[in-house]
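The chain contents come next:
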Amino acid sequence: MIEVQSLTKDFGPIRAVDHVTFTVSKGEVLGFLGPNGAGKSTTMKMITGFLAPTSGAAKVCGHDVESDPIAAKRRLGYLPEGAPLYVDMTPAAFLRFVAGIRGFKGAEQKRRIDRAVQMAQLETVYNQPIDTLSKGFKRRVGLAQALLHDPEVLVLDEPTDGLDPNQKHDVREIIREMAPEKTIIISTHILEEVDAICTRAIIIAAGKVVADGTPKDLEARSRTHQAVTLKMRAVPAAAQQMLVALPGVEAIETVPGGLRVLPKPGEVIYSTVEGFVRDKAWPVDDIIFARGHLEDVFREITRPGERRPATAAAAEGARA
Amino acid sequence: MSLRLRNVSAVFKREFVSYFTTPVAYVFLIVFLALAGALTFYIGNFFDRNQADLDAFFTFHPWLYLFLIPAISMRLWAEERKSGTVEFLLTMPVTLWDAVLGKFLAAWIFAGVALVLTFPIWLTVNYLGEPDNGAVLAGYIGSFLMAGAYLAIGSCLSAATKNQVIAFVLAAAICFLFTLGGTNIVLGFAASILPQSLVDLVASFSFLNHFDQIKKGVIDLRDLIFFLSVMGVFLYATTLVLELKKGQ
Ligand SMILES: Nc1ncnc2c1ncn2[C@@H]1O[C@H](COP(=O)(O)OP(=O)(O)OP(=O)(O)O)[C@@H](O)[C@H]1O
Ligand SMILES: [Mg+2]
């Protein structure tokens, strides 16, 4: 359980995190999204007790990170951004150090380390100095360190950054497997990852929470949610005017290789459009139904200035 | 308490081992031993004095430490901050005290190793005559304590920056003040502008004066307490600096 209450951080005149509030419960995997410099890492640094908040508070399993840091940190596994490590050590020595500081001795220590090494697949580089490891392996050492004590709460700052596709898949698999027993926050720039493993996503921009919901909820906020794209080589005359007149249709956009029909909020237009096109016997190669892209939502929410209003698109479509 | 000990010793072990994974430690040891030997035999006129003691050897320690100790202490925190590992260390379940103390002890024991490796000088003096080995031991204890005090100062300044060069220069400068406070130049100057009580105060903070007492073979509780307090104060200051950095 992570409780973040009105967390704020100023770096001199810069407000990096601005009254961020959320709660993550056991079983949830929270995806932390936002453009570069949004304040994701800073928020995580405050949750893990590395930075003190300017105001507000963070609690890990009920323990305030500022007033009861040891209890909070004991329940926490943290992969910092960039996975900083003691590069003159080998993964073996490093994990022994972490296990020692986490209070594991003897056979228990060996068991814990073996398990972490196996989860992060470090067997082949176990005795190689960390500074000679590739970026992906360094990140995996960081991950092994965070998982070593099987913590109740995991805070992972871009855990799959720098991993190859197989490893990305494996790490997501690990997170998915652990999820029911843990409280997890991950930050990422890979939106498909959110779809794949997160039960919930928060988008922050300029230090503020601008969206909070399940990946599905967020997708539904996309302009292209439930949109229908018609692939055709030649667009029949007046097609746009006819389509925009259909019930439930908000606007029409020209897209490369065809037209996109955008629904009014809450409307489902697939069968209407499909039936209409079949009646007219238009030369349509393919009809694509969009569930809505997180990427669009992300862009629309975090860069509102560049949002093309649907009505403008419709007007543009009508003119074309 | 045992938890404390466990954390301190884990930090200590990692730090201490890390000294020996790079050539820097060996270079340091060689430089230290070469300088200690050269100063004793050439400048200290060890043989000409015709005295079976290590006074010529210990006399140079404060000056040797002045720039060699900041070379050890500069990396303590600055390096961790530069590489980002400080974020990892300080999000482990250890208190700032555990981390500060563990790292400090590693540096101090390392300095102790350097000191122990000067034993050939002790052997030489025993071969040449019959020194007061009690006084020699006192000299070693005093020198070790003084090294600790210099290191604690260096630890504090290393925590204040991520630049090791700056950490070195600041530590050397402050250590210089603490050392110089006991020289006649400073005391003479102080006497010309300050009342006697303040001059005594300046002198009482001088590492030179306290070390001089000990190396004569007189281990006075006050001198021990002095060095231990300097360590305590500056290690506490180190935790304060780290706490301050956390809040930026
Ligand atoms: N130590 C610091 N001193 C001053 N400003 C800082 C510091 N750390 C972060 N910032 C600023 O705080 C803001 C948020 O940074 P943060 O690292 O939290 O962003 P982020 O969301 O993690 O970005 P990214 O996606 O690039 O990792 C940025 O404007 C950054 O420049
Ligand atoms: Mg970041």
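Attention here is on the structure that accompanies the text. (Residues numbered from 1 in each chain as written. Chains lettered and ligands numbered in written order. Predicted model: local features only at pLDDT ≥ 70, side-chain atom pairs only at ≥ 80, totals over all residues. Heavy atoms only, no water.)

### Considering the sheet that holds strand β13 (residues 258-263) of chain A
All names here are of chain A.
- If you walk across this open sheet you meet the 4 strands as β12-β13-β11-β14, and the pairing is antiparallel. A single partner strand is all that each edge strand has here, and the edge strands are β12 (249-255) and β14 (286-289). Across the sheet, the axes of successive neighbouring strands diverge by a mean angle of 20°, strand direction being ignored.
- Helix-sheet contacts for helix α10 (residues 270-280) involve β11 (228-231), β13 and β14, and the interaxial angle to β11 is about 25°. (Pairing = 2+ DSSP bridges. Helix = DSSP H or I, 4+ residues; strand = E, 2+ residues; numbered from the N terminus. Axes fitted to C-alpha atoms, helices over the stretch in contact; angles between N-to-C directions. Contact = heavy atoms within 4.5 Å.)

### Describing the pairing of β13(A)
Residues and elements named next belong to chain A.
- With respect to burial, β13 is a largely interior element, 5 of its 6 residues being buried.
- The pairing of β12 with β13 spans 6 bridges and is antiparallel. By the bridge assignment for β13, valine 249 is matched with proline 263.
- Linkage of β12 to β13, two consecutive antiparallel strands, is achieved through a turn of 2 residues, within which glycine 257 is found at a positive phi near 80°. (Buried < 20%, exposed > 50% of the residue type's maximum accessible area, 1.4 Å probe, protein only.)

### As for the sheet that holds strand β4 (residues 55-60) of chain A
Residues and elements named next belong to chain A.
- Within the open sheet, the 4 strands sit side by side as β2-β1-β4-β5. Their pairing is antiparallel. In this open sheet, the two edge strands, each paired with only one partner strand, are β2 (14-24) and β5 (63-64).
- Lying on the sheet, helix α1 (residues 40-47) is in contact with β1 (2-11), β2 and β4; it crosses β1 at an angle near 120°.

### Observations regarding the side chain of A:Asp18
All names here are of chain A.
- The residue aspartate 18 is located in strand β2 in this model.
- Overall, aspartate 18 belongs to the buried group, its relative accessible area being 13%.
- Separated by 3.0 Å, the side chains of aspartate 18 and histidine 19 make a polar contact.
- Residues contacting aspartate 18, with those up to four places away along its chain left out, are Leu7, Thr8, Gly207 and Lys208. (Polar contact = N/O pair within 3.5 Å; in protein donor to acceptor, adjacent residues only side chain to side chain.)

### Quick look at the site of ligand 1
Residue and element names in this part refer to chain A.
- The environment of ligand 1 is made up of 14 residues, and the closest members are Gly37, Lys40, Ser41, Thr42 and Glu81.
- Measuring from an oxygen atom of ligand 1, one finds a backbone N or O atom of glycine 37 at 2.8 Å.
- The separation between an oxygen atom of ligand 1 and a polar side-chain atom of glutamate 81 is 2.6 Å.
- In isolation ligand 1 exposes 640 Å². Once the protein is present, 66% of that is buried.
- Among the elements that take part in the shell around ligand 1, α1 stands out by supplying 3 residues, more than any other.
- Broken down by class, the residue content of the shell around ligand 1 amounts to 4 nonpolar, 7 polar and 3 charged. (Near = heavy atom within 4 Å. Areas by Shrake-Rupley, 256 points an atom, 1.4 Å probe, with all protein chains shown as cover. Nonpolar A, V, L, I, M, F, W, Y, C, P; charged D, E, K, R; others polar.)

### A word on the coordination of the magnesium ion (ligand 2)
All names here are of chain A.
- Those donors, Ser41 (OG) and Glu81 (OE), are the protein atoms that reach the magnesium ion (ligand 2), and they lie 1.9 to 2.2 Å from it. Of the two residues, serine 41 is situated in helix α1 and glutamate 81 in the loop between β6 (76-79) and α3 (91-101); the sequence distance between them amounts to 40 residues.
- Classification of serine 41 as buried rests on a relative accessible area of 11%.
- On the accessibility criterion, glutamate 81 (39% relative accessible area) is partly exposed. (Donors = N, O, S within 2.8 Å, 3.2 Å for Na, K, Ca; no water.)

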